[in-house]
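For reference, the chains in residue letters:
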Amino acid sequence: MTTPRWATILLFMVILPGLASAQPTPPSTTYLKCGWLLNGKSDQPRKDVTIAIEGEKIREVGAASASGQTIDLSRETCLPGLIDTHTHILLQGDITAADYDEQLLKQSPEYRTILATVNARRALEYGFTTIRDLETEGAGYADVDVKKAIQNGVIPGPRMQVATRAMDVTGAYPLQGYAPGVPVPHGVQVVDGVEDGRKAVREQISHGADWIKVYSDRSYFVRPDGVLDDIPTFTLDELKAIVDEAHREHHKVASHAMALHGVHNSVEAGVDSVEHGNYITDDDLKAMANQGIFYVPTIFVGEYVAQGRAATGAPVWLKMLQIHEDTFRRAMKAGVKIAFGTDAGGFDWKVDPAKEFAYMVKWGMTPAQAIRSATESASVLLGMQDKIGTIEAGKFADIVAVTGDPLKDVTLLEHVDFVMKGGTVYKKP
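Residues numbered from 1 in each chain as written. Predicted model: local features only at pLDDT ≥ 70, side-chain atom pairs only at ≥ 80, totals over all residues. Heavy atoms only, no water.

Q: I'd like to hear about the pairing of strand E11 (residues 217–222), residue by residue, with values.
A: Pairing of E11 with strand E12 (residues 228–232) involves four bridges; the strand directions are antiparallel. Bridging across to E12, arginine 218 finds its partner in isoleucine 231. Counted along the chain from E11 to the antiparallel partner E12, the turn is five residues long, and its residue glycine 226 has a positive phi close to 90°. (Pairing = 2+ DSSP bridges. Helix = DSSP H or I, 4+ residues; strand = E, 2+ residues; numbered from the N terminus.)

Q: Outline a nonpolar patch on the surface, listing residues and values.
A: Nonpolar side chains collect at one region of the surface, where Leu105, Tyr178 and Val182 lie side by side and expose about 250 Å² of accessible area between them. In this structure, tyrosine 178 sits in the loop between strand E8 (167–168) and strand E9 (189–190). The partly exposed category is assigned to tyrosine 178, whose relative accessible area is 34%. (Patch = residues over 30% accessible without salt bridge, like charges linked within 9 Å, V, L, I, M, F, W, Y side chains within 5 Å. Areas by Shrake-Rupley, 256 points an atom, 1.4 Å probe, with all protein chains shown as cover. Salt bridge = Lys/Arg side-chain N within 4 Å of Asp/Glu carboxyl O. Buried < 20%, exposed > 50% of the residue type's maximum accessible area, 1.4 Å probe, protein only.)

Q: Now, about the packing of helix H7 (residues 260–269) against helix H8 (residues 282–291): what can you tell me, with residues and values included?
A: The contact between H7 and H8 brings their axes to 10 Å, and the two run at 30°. Relative to H8, H7 is oriented roughly parallel. Between H7 and H8 the crossing geometry is left-handed. Contacts from Val263, His264 and Val267 in H7 reach Asp284, Ala287, Met288 and Gln291 in H8. Class assignment of the residues belonging to the contact of H7 with H8 gives a composition of four nonpolar, two polar and one charged. (Axes fitted to C-alpha atoms, helices over the stretch in contact; angles between N-to-C directions. Parallel < 35°, antiparallel > 145°, perpendicular 65-115°, else oblique. Left-handed = near helix turned anticlockwise from the far one by under 90°. Contact = heavy atoms within 4.5 Å. Nonpolar A, V, L, I, M, F, W, Y, C, P; charged D, E, K, R; others polar.)

Q: Which residues make up the packing of helix H9 (residues 299–311) against helix H11 (residues 355–362), and what values go with them?
A: It is at 8 Å that the axes of H9 and H11 come closest, and there the two elements cross at 100°. When the interaxial angle is binned, H9 and H11 end up roughly perpendicular. Where H9 abuts H11, its residues Ile299, Phe300 and Glu303 lie against Lys355, Glu356, Tyr359 and Met360. Counted by class, the contact of H9 with H11 contains four nonpolar, no polar and three charged residues.

Q: Help me get a handle on the nonpolar core, residues and values and all.
A: With 90 residues, the main nonpolar core has Met167, Ile212, Met288 and Phe357 as its most contacted residues. Looking at this core element by element, the count peaks at six residues for helix H10 (residues 316–334). Of all hydrophobic cores here, the second largest spans 16 residues; its members include Leu73, Ile391, Ala397 and Phe418. (Core = buried A, V, L, I, M, F, W, Y, C linked by side-chain atoms within 4.5 Å.)

Q: I'd love a proper account of the pairing of strand E14 (residues 273–276), names of residues and values included.
A: Looking at chain direction, strand E13 (residues 252–257) and E14 are connected through four bridges and run parallel. Among the inter-strand pairings, alanine 254 is bridged to a residue of E14, identified as serine 273. Considered for its hand, the β-α-β crossover made up of E13, H7 and E14 is right-handed. Direction of pairing for E14 relative to strand E15 (residues 294–296): parallel, over a ladder of three bridges. Looking across to E15, one finds that glutamate 275 is bridged to valine 296. (Right-handed = clockwise from strand over helix to strand, strands pointing away.)

Q: Provide a residue-level description of H11, including the pertinent values.
A: One turn of an α-helix holds 3.6 residues; hence residues three or four places apart share an orientation. Of all the positions in H11, only Glu356, Phe357, Tyr359 and Met360 are classed as buried. Buried residues of H11, viewed axially, fall in a sector of 165°; they line one side. Elements in contact with the buried residues of H11: strand E5 (82–87), H9, H10 and helix H12 (367–373). Directly after H11, the chain includes glycine 364, whose backbone phi takes a positive value near 125°. (Arc of directions from axis to C-beta.)

Q: Tell me what's going on with empty space enclosed by the protein, and back it up with residues and numbers.
A: Under the definition given, this model contains one cavity of 30 Å³ or more. Of the volumes computed, that of the largest cavity is approximately 90 Å³. Taken together, Leu38, Gly40, Lys41, Ser42, Asp43, Ala368, Ile371, Arg372, Thr375 and Leu407 make up the full set of residues lining the largest cavity. (1 Å grid on protein atoms, 1.4 Å probe; cavity = no way out; pocket = protein on both sides within 12 Å on 5 of 7 lines; lining within 4 Å. Points joined across faces, edges and corners; volume = space filled by probe spheres on them.)

Q: Describe in detail the packing of aromatic side chains, supporting the description with residues and values.
A: Summed over the entire model, instances satisfying the criterion amount to nine aromatic pairs. Ring geometry for tyrosine 173 and tyrosine 215: centres 4.4 Å apart, planes at 50°, overall tilted. Highlighted residues: tyrosine 173 in the loop between E8 and E9 and tyrosine 215 in strand E10 (residues 211–215), separated in sequence by 42 residues. Comparing tyrosine 173 with tyrosine 215 shows no difference in burial state: the two are buried. Members of the aromatic cluster, joined through ring pairs, are Phe300, Tyr304, Phe347 and Tyr359. Directly above the ring of phenylalanine 396 sits lysine 57, whose terminal nitrogen or CZ lies 5.5 Å from the centroid. (Phe/Tyr/Trp six-rings, centres within 6.5 Å; stacked < 30°, edge-to-face > 60°. Lys NZ or Arg CZ within 6 Å of the ring centre and 35° of its normal.)

Q: Can you break down the layout of surface pockets residue by residue, with the values?
A: The probe, sized like a water molecule, is rolled over the atoms to show the empty space still left. Roughly 1000 Å³ of internal volume is contained in the largest pocket. Surrounding the largest pocket, 42 residues form its lining, Asp94, Pro174, Tyr220, Arg309 and Trp317 being those nearest its centre. Take the lining of the largest pocket: its biggest share by element is five residues, from H10. For the lining of the largest pocket, a count of residues per class yields 19 nonpolar, 14 polar and nine charged. Forming the walls of the second largest pocket are 23 residues, and the residues nearest its centre are Lys147, Gln151, Arg159, Met160 and Met384. Contributing elements (two or more residues each) for the lining of the second largest pocket: helix H4 (142–151), strand E7 (159–162) and strand E18 (424–427). Of the residues assigned to the lining of the second largest pocket, the class counts are nine nonpolar, eight polar and six charged.

Q: Explain the state of the cysteines to me, using residue names and the numbers behind them.
A: Enumeration over the complete set of coordinates arrives at one disulfide. In this model cysteine 34 forms its disulfide with cysteine 78; the gap between the sulfur atoms is 2.2 Å. Since a negative S-S torsion denotes a left-handed disulfide, the cysteine 34-cysteine 78 link at about -95° is left-handed. Residue cysteine 34 is found in strand E1 (residues 29–37), and its partner cysteine 78 is found in strand E4 (residues 69–80); the two are separated by 44 residues along the sequence. Each member of the pair, cysteine 34 as well as cysteine 78, is classed as buried. (Disulfide = S-S within 2.5 Å.)

This is how it looks when you write it as structure tokens:
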């Protein structure tokens, strides 16, 4: 049966408006008028730069005109969104063992996750639009869910890469010191042996880990010759197996390694980043530079916890500060890649992690180098250099601003007053 012509015309009259309304709405354009711009690639600021943002990405840097919604930052210096590559959003500070034990024994993982959502928002409002969260300290895979909630727009927070449970060997990580018959939680996944290590890597990746985190040393002491010594945790064979399995599955490995053997074994095993690194030999620094292993020094947290830990019987933490400064300066001289990381959560989240910048400058970096460690360099560590870390067309519109010149006073980064992530403004002057 042939459809009458009038019926065909009527059908098109009904369908066409619907098709037209179903067409995607072009993203709106927002313009940022920056008084000064540090784009993350050059150490020289540009004056009076307008950035055109379309949707969640930067369309143009140096737009000739602003014909849409405009945000006036003409008295501000604009920078790429900051990146903290070492945080713990599920931790609220652990100066002493008692602080840590209370969180794992008296706070449920659910309650700790609620606190983590608050910390995620704090991180974003401080100006950190991306973080690498290096394990949940006994809260399982809660970091994966916080990351998911941020991605889905349920809660505000930075972009996240997560390490889930982390790994250490039997008897090496809190909670410790309880009677043998008393079962207690641990802040890590306990892993012993080569095959157990491979299995743990597979398990953590299957549950959403972006990074694998290992604790490579413990029990620190200063030798008479000034070397910070330690007890290594994993054997070299165990570490190599963990790194090999992670790399086989295209994931990177971060190693908590503070002293002589922990760092050396980590470098030998081929980890991707050494965390803390209070003492590193010249030979290991040379190997790190040659292999492209990043150094994440986390300076401020060492001073933050030193007095409290010394008062509870660990005076070595006071001695570590000078050793750490010497290592940091030698690392710079050796050409080791350095990425900004603070260990926030090891100190109270009410303290702005940007305090780290002043310590990096005090220990020998220029303000420009310190800023780059938290922008371009950090993005390379995370493998996100094509998306974040610099202010360029095509990248996410992750942009922060401060009043004044952070190249003259890096502490201005402790007072970020404008935060945009993915084209959405979360804080403004």
